[in-house]
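If you want the building blocks of each chain, they are given just below.
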Amino acid sequence: MEWTSDAFILATRKHGEADLILEVMTPAHGRHLGLVRSGRSRRHSPILQPGNSVRATWKARLISQLGRFQIEPLTARAGSLMGSATALNGLQHLAALLRLLPERDSHPQLYSALSVLVEYLDRPNVAAPLLVRFELQLLQELGYGLDLSTCAATGLTDDLAYVSPRSGRAVSRDAGKPYHDKLLQLPSFLVDGQRQQGSEISYPEISQGFQLTHFFLERLHRGRSGEDAPAPPFAASRAGLVNVLEGAYRKTQPWDFINLPEDTVS
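Residues numbered from 1 in each chain as written. Predicted model: local features only at pLDDT ≥ 70, side-chain atom pairs only at ≥ 80, totals over all residues. Heavy atoms only, no water.

Here we look at the overall build of the chain
Secondary structure summary: the chain contains seven helices and eight strands in total. On C-alpha atoms alone, the chain measures out to a radius of gyration of 20 Å, which is about the 18 Å that the 2.2 N^0.38 rule sets for 266 residues. Projected onto its principal axes, the C-alpha coordinates of the chain cover approximately 60 × 40 × 35 Å. Restricting the contact set of the chain to residue pairs at least 6 apart, pairs at least 24 apart contribute 56%. (Helix = DSSP H or I, 4+ residues; strand = E, 2+ residues; numbered from the N terminus. Rg over C-alpha atoms; globule rule 2.2 N^0.38 Å. Contact = heavy atoms within 4.5 Å.)

Re the pattern of salt bridges
Under the defined criterion, the tally for this structure stands at 11 salt bridges. Among the ionic pairs, R169 bridges to D147, the shortest N-O distance being 3.8 Å. Of this pair, R169 sits in the loop between β6 (160–163) and β7 (170–172) while D147 sits in the loop between α4 (124–141) and β6, and the two are 22 residues apart along the sequence. Owing to a relative accessible area of 30%, R169 belongs among the partly exposed residues under this scheme. On the basis of relative accessible area, D147 is assigned to the partly exposed category, the value being 28%. What emerges from the salt-bridge pattern is a single network uniting E23, R31 and R99. (Salt bridge = Lys/Arg side-chain N within 4 Å of Asp/Glu carboxyl O. Buried < 20%, exposed > 50% of the residue type's maximum accessible area, 1.4 Å probe, protein only.)

Remarks on the nonpolar core
L121, L131, F134 and L186 are the most contacted members of the largest nonpolar core, which has 58 residues in total. For this core, the secondary structure elements donating two or more residues are β1 (2–15), α2 (85–98), α3 (108–117), α4, β6, β7, α6 (203–225) and α7 (234–252). Sequence-distant contacts of F134, defined by excluding residues within four places in its chain, comprise L94, L97, L98, L110, A113, L114 and L117. If you look at the next biggest cluster of nonpolar residues, it comprises 14 residues, including L22, W58, F69 and I71. (Core = buried A, V, L, I, M, F, W, Y, C linked by side-chain atoms within 4.5 Å.)

Some words on the pairing of strand β4 (residues 53–59)
The element β4 is extensively covered by neighbouring structure, given that five of its seven residues are classed as buried. Examined bridge by bridge, β1 and β4 share seven bridges and lie antiparallel to one another. Considered in β4, the bridge of E2 is made with K59. As paired strands, β4 and strand β5 (residues 68–75) are joined by seven bridges and run antiparallel to one another. Note on β5: the bridge partner recorded for S53 is T75. (Pairing = 2+ DSSP bridges.)

Set out below in structure tokens:
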């Protein structure tokens, strides 16, 4: 068995004295692992870093085997990403999220979204809304997609402001007002036509976006692991990422936090 593909490096772990097990995301072969001989050598180490893009050739006698990777560098961005707390936390969180996917399942749209997102991970104000959208797309591909196009109660597309936690469908402001406390907030940047192009996205909206995706990611985890399951593996990376993003927004958009309720930003 053999294939060659562009790949994004998610993580590595040591194997033996000098080898590495490499975890990558590819468009056609999904999240894939393989062994890199002498992967910890001076020659390979700068290439085999999370955040870099490579050309990977995977070989194995049987498809069920771990197999071996041969790697050629394409885009070395790990060095620049290491200088950004947002990028480092973002990379860890993206890898944790992608481990929700079955290994070797093809997800070309997620790969395309990842390829765009990593170019902006060191720019918090750009990365934050892209990360929320990435989580929504991941939910879609895992069968937990949200319908944010029309109001579940009226069928209208105007003034969508909430999401039903039961159905995952949008609800308009008027229809949802009586049930405000039971519905999830829908930030306007996730709704087509509700934000003027180029307008600033505030941190409260980013926080609402992460709270929205968090609710359904938690539901997915409980559905897979049971109601009494421990916190999902992505919980720690998500908490670290949100904290870093909040700190970055406090520096660049401090007006977002004036007279803001504490539970809006946590």
